[in-house]
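Per-entry structural report
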Amino acid sequence: MLKKRVVLWWLIITGIICHMFLMTNINVAIISMVKKPQDNNTESDKFDWNVQQQTMIFGAYYWFTWISQFAGGILSHKYGSKITFGLSNFIGCLMSSAIPAAAYIGWEVVVIVRVLQGTIASVGLPAGIATIIGQWSPPDERGKFTSVMLGIPLGISIGYTFFGFIADNLSWPYVFHTTMILGSVWYVAWRYFVYDTPDEHPRISEHEKMYIKKSLANSTTRENIPIPWKEILTSRPLLLNIICTFGTSWAFFGTSMFLPMYLKRMHDISPTKIGLITGISFLAKAILQIVGGAATDEMIRRGMSKTRVRNIAVLLGAVIAPVLLACIIFVQYDVFWSLTLLMAYFMISSFTNNGTPVAVIDMSPNFCGIIQGITCALTATTGFFCSLMFNLISSHCDESNTWGYFFLSSGLINVVPGVLFLLFSNSELQPWNQPKESVGQVLSNLNVDNSQP
């Protein structure tokens, strides 16, 4: 019989893939939606949107996700991930099918749809994912379990390749309708097979349930315990984690968001080839993420501290990788070397996912959903600020120089927080993770009869 935590792993990763479809499908589709510069073609399905308007559409998804991320941490802690991640993801996919109609009305309406889509869909990811992983993953499988985040590069890889082909050979509206169909199929499976804890699952074997519960006995609880807000908000390891995640998100999502536009406008590559190039890059990233998860788990089994293991991952993904990204400024006109550095960046940055996200669960399995909500509430603003920064750079530079400065600034914003994390981080279990026991509980644990005579 297939283990239920394996089924959960597959449904989380496919859910993240669907999430990336709805988040990034317009990055590829817009190449076929917009007229080329100096193009007098009067096709009815082509729009005369300038670079600033396109950038506004890209960034609109992220405008209010910081509110959703914070709320998602609290909601997933209270109601569970089955509802928060499942329903928010499903609604976001449904809203994709509204984008074609919105585009024919005007780019401003597309912005409104993207704002609503991002606000709703971001409730469940990643806060809801962290919550359910905290309840299902034994400590020595945590790196493997959190490899579900490879759904991010896989989603972009599959989406850019598939949607690029659709936009080139069929019609760009099908990109958004396909997202809606795939998201609906996933949601049906999620509703039937997923439960928030092993105890709630009606079809789990007793052996698997006891194995998970025993491995998590000293770190997790499903009791309605008070949230230690003061300790969480003043935790130095948490603050360092937030800062590092902010820098990583800025570089990764900013680069992913503008990559198709860069390849089209600077190197005149077709949507199908853009999808193939980016697809290969993100597929390689996903493979290395799996390798990284297995490697970090093995390091912990051999006795290496969690702090050291997470630091190694951050060194590779949040320091070395963004240096490569920043170096694109020196070769931005050369398509071969630009693509080489971009692919190297995406591949090596995959190791970050075995660093900061897993460190949150290491620090506090009980409150990791809330911590992820706080972290992502702040880091979710990176998509919005990236689009603003791009517009700011493009307003002061010609287009060829805009791309070089954009990649340079993104790399630097990633490197500095990565170095701070390496110098001052701590990924061990935090003392405020466990609720304070009452006197009665302590006496009970000591087998002392504290009843009245």
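A brief report on the enclosed structure follows. (Residues numbered from 1 in each chain as written. Predicted model: local features only at pLDDT ≥ 70, side-chain atom pairs only at ≥ 80, totals over all residues. Heavy atoms only, no water.)

1. Quick word on the environment of glutamine 52
You can see glutamine 52 is positioned in helix H2 (residues 51-60). When the C-alpha positions of glutamine 52 and serine 387 are compared, they lie 9.0 Å apart, and in sequence the two are 335 residues distant. (Helix = DSSP H or I, 4+ residues; strand = E, 2+ residues; numbered from the N terminus.)

2. A few points about the pattern of salt bridges
Applying the stated criterion across every chain, the model contains 7 salt bridges. As a salt-bridge pair, arginine 301 and glutamate 298 come within 3.4 Å of each other at their nearest N and O atoms. Taken as a pair, arginine 301 and glutamate 298 lie in helix H14 (residues 271-301) at a separation of 3 residues, close to a single helical turn. For arginine 301, a relative accessible area of 45% puts it in the partly exposed group. In this structure glutamate 298 comes out as partly exposed when scored by relative accessible area, which is 31%. Between arginine 310 and aspartate 362 there is a salt bridge, with its nearest N and O atoms 2.7 Å apart. In this pair, arginine 310 is assigned in helix H15 (residues 306-326) and aspartate 362 in helix H17 (residues 356-363), connecting sequence segments 52 residues apart. Both residues of the pair, arginine 310 and aspartate 362, count as buried. Among the ionic contacts, a cluster of salt bridges with common partners joins Glu298, Arg301 and Arg302. (Salt bridge = Lys/Arg side-chain N within 4 Å of Asp/Glu carboxyl O. Buried < 20%, exposed > 50% of the residue type's maximum accessible area, 1.4 Å probe, protein only.)

3. Here we look at unusual backbone geometry
In this structure, aspartate 268 is a non-glycine residue whose phi angle is positive, near 50°. Examined against the element boundaries, aspartate 268 turns out to sit in the loop between helix H13 (236-267) and H14. For aspartate 268, a relative accessible area of 58% translates into the label exposed.

4. Let's talk about the packing of aromatic side chains
For the structure shown, the criterion picks out 31 aromatic pairs. Ring centres of phenylalanine 47 and tyrosine 104 lie 5.4 Å apart, and the angle between their planes is 65°; on these two criteria the pair is classed as edge-to-face. Of this pair, phenylalanine 47 sits in the loop between helix H1 (4-33) and H2 while tyrosine 104 sits in helix H5 (residues 99-105), placing them 57 residues apart in sequence. Residue classification places phenylalanine 47 among the buried positions, given a relative accessible area of 9%. Centre to centre, the rings of tryptophan 63 and phenylalanine 384 are 6.2 Å apart; their planes meet at 85°, and the pair counts as edge-to-face. Residue tryptophan 63 is located in the loop between H2 and helix H3 (65-79), and its partner phenylalanine 384 is located in helix H19 (residues 381-396); the two are separated by 321 residues in the primary sequence. Three or more aromatic residues joined by ring pairs form one cluster here, namely Phe58, Phe258, Tyr262, Phe390, Trp403, Phe406 and Phe407. When the ring centre of tyrosine 195 is taken as origin, the NZ or CZ atom of lysine 82, which lies over that ring, is 4.1 Å away. (Phe/Tyr/Trp six-rings, centres within 6.5 Å; stacked < 30°, edge-to-face > 60°. Lys NZ or Arg CZ within 6 Å of the ring centre and 35° of its normal.)

Remember, this is a structural readout, not a statement about activity or role.
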